[in-house]
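# Results of the structural survey
Here is how the chains run, residue by residue.
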Amino acid sequence: KREKQLFVDVSGVVQEDAKTGIQRVTRSILKEFLANPPNGYTVEPVYASPNRNGYRYARHYTACLLSQDYDGEDEEIEHRPGDIFLGLDLQHRVLLNNHDYLLGLRRDGVKIIFDVYDLLPISMPHAFALEPDIHALWLETITGFDGAVCISRAVADELTGWLGAHGRQRLRPFRINWFHLGADIENSVPTFGLPD
């Protein structure tokens, strides 16, 4: 019997690692998932692009992260009911382009959950170099799925408040959870500054 898959979306770090705190968290959580997969699940890093529909297994990236060799192709994912998709990396355009694809996964019995890092791009848009309203559109999109896990209780509370003010009618609840960010910088797959 095949184990269920935990698809971990790492689209940003696979295609262009901006080396911000979000990417550091993405790399660190992925590394922990790979070292300690949840019982009954195979952890499968995946990625998509903003200009192509569908997700692929991130075999090359994962091999590089784990200092292994891999000379195969990054194939399209194969999913089954009971799998979980975790949108770990923050990629506005990738998500918006793949919204219908993810809806198809959900119809096929895949649970779709997203990591929410912050609502600051909405409450303080002047401090972010994002297109106006793209973070709000991203939030509207993710809250149409199954749930979110936030990087702090404060962000979970903000998301709950935002959902109460802007959320749509739902047949089933949107689950909001949170976790503590770690502080183990040495083992967080950090970057080492800018090249000369």
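Everything in this summary refers to the structure shown in the same document. In this text, all values refer to a predicted model and were calculated from it rather than measured experimentally. Along each chain, residue indices are assigned from 1 in the same order as the chain's sequence is written. Only residues with pLDDT of at least 70 are given local features in this predicted model, and only at 80 or more are side-chain atom pairs given and counted; all residues enter the totals for whole chains, interfaces and linings. In computing side-chain properties, one takes all heavy atoms of the structure into account and sets aside hydrogens as well as water.

### Concerning the pattern of salt bridges
By salt bridge we mean one thing: a side-chain nitrogen of Lys or Arg within 4 Å of a carboxyl oxygen of Asp or Glu. Inspection of every chain in the model, using the stated rule, returns three salt bridges. For E76, the salt bridge goes to R56, with nearest N and O atoms at 3.9 Å. Taken together, the residues E76 in the loop between α3 (59-65) and β4 (84-87) and R56 in strand β3 (residues 52-57) connect sequence positions 20 residues apart. The exposure class of E76 is exposed, given its relative accessible area of 56%. When accessible area is computed with a 1.4 Å probe and restricted to protein chains, residues below 20% of their type maximum are described as buried, those above 50% as exposed, and intermediate ones as partly exposed. Judged by relative accessible area, which is 21%, R56 ranks as partly exposed. For the salt bridge of D146 with R106, the shortest nitrogen-to-oxygen distance reads 3.1 Å. The way it works is that DSSP assigns letters per residue, a run of H or I at least four long becomes a helix, a run of E at least two long becomes a strand, and they are numbered from the N terminus.

### Topic: the sheet that holds strand β7 (residues 175-178)
In this description, strands pair whenever DSSP reports at least two bridges between them. Spatial ordering of the open sheet is given by β3-β2-β1-β4-β5-β6-β7, a layout of seven strands whose pairing is mixed. The sheet terminates laterally at β3 and β7, the two strands that pair on one side only. Here the strands of the sheet are splayed against their neighbours by 25 degrees on average, with no regard to which way each runs. Bridge count between strand β1 (residues 4-9) and β4: three bridges; the pairing is parallel. In the sheet register, V8 faces β4, and the bridge partner there is L86. Here a residue-residue contact requires only that any non-hydrogen atoms of the pair lie within 4.5 Å. Here an angle of 0 to 180 degrees is reported between the N-to-C directions of two axes, which are lines fitted to C-alpha atoms, with helices fitted over the stretch in contact. Relative to β7, helix α8 (residues 153-166) is tilted by about 160 degrees, and along the sheet it contacts β5 (111-116), β6 (147-150) and β7.

### What to know about unusual backbone geometry
If you check the backbone angles, S67 has positive phi at about 55 degrees while not being a glycine. Of note, S67 is situated in the loop between α3 and β4. Overall, S67 belongs to the exposed group, its relative accessible area being 69%.

### What to know about the packing of aromatic side chains
Two rings from Phe, Tyr or Trp (for Trp, the six-membered ring) form a pair when their centres are within 6.5 Å of each other. A pair whose planes differ by under 30 degrees is stacked, one over 60 is edge-to-face, and the rest are tilted. Counted under the stated rule, the structure contains five aromatic pairs. Taking the centre distance of 5.8 Å and the plane angle of 50 degrees together, the rings of F114 and F145 count as tilted. Within this pair, whereas F114 is found in strand β5, its partner F145 is found in the loop between α7 (134-142) and β6, the two being separated by 31 residues in sequence. For F114, a relative accessible area of 3% gives the class buried. Put simply, the rings of Y55, F85, Y101, F114 and F145 pair up and form one aromatic cluster. Geometrically, a lysine NZ or arginine CZ counts as sitting over a ring once it is within 6 Å of the ring centre and also within 35 degrees of the ring normal. Above the face of the Y57 ring, R59 is positioned so that its terminal group lies 4.2 Å from the ring centre.

### Brief notes about a nonpolar patch on the surface
A cluster of nonpolar side chains, L120, M124, F128 and L130, forms an exposed patch at the surface whose accessible area comes to about 290 Å². Mapped onto the fold, F128 is located in the loop between α6 (120-123) and α7. Patch definition: residues above 30% relative accessible area lacking any salt bridge, with like charges linked at up to 9 Å and the nonpolar side chains Val, Leu, Ile, Met, Phe, Trp and Tyr linked at up to 5 Å. Per-residue accessibility takes into account occlusion by the displayed protein chains alone, with areas from the Shrake-Rupley method and a 1.4 Å probe.

### A closer look at the pairing of β6
Neither face of β6 is open: one carries G147 and V149, the other A148 and C150, and all of them are buried. Relative to β6, β5 runs parallel, the two sharing four bridges. Bridging across to β6, V116 finds its partner in C150. Both β6 and β7 contribute to a ladder of four bridges, which runs parallel.

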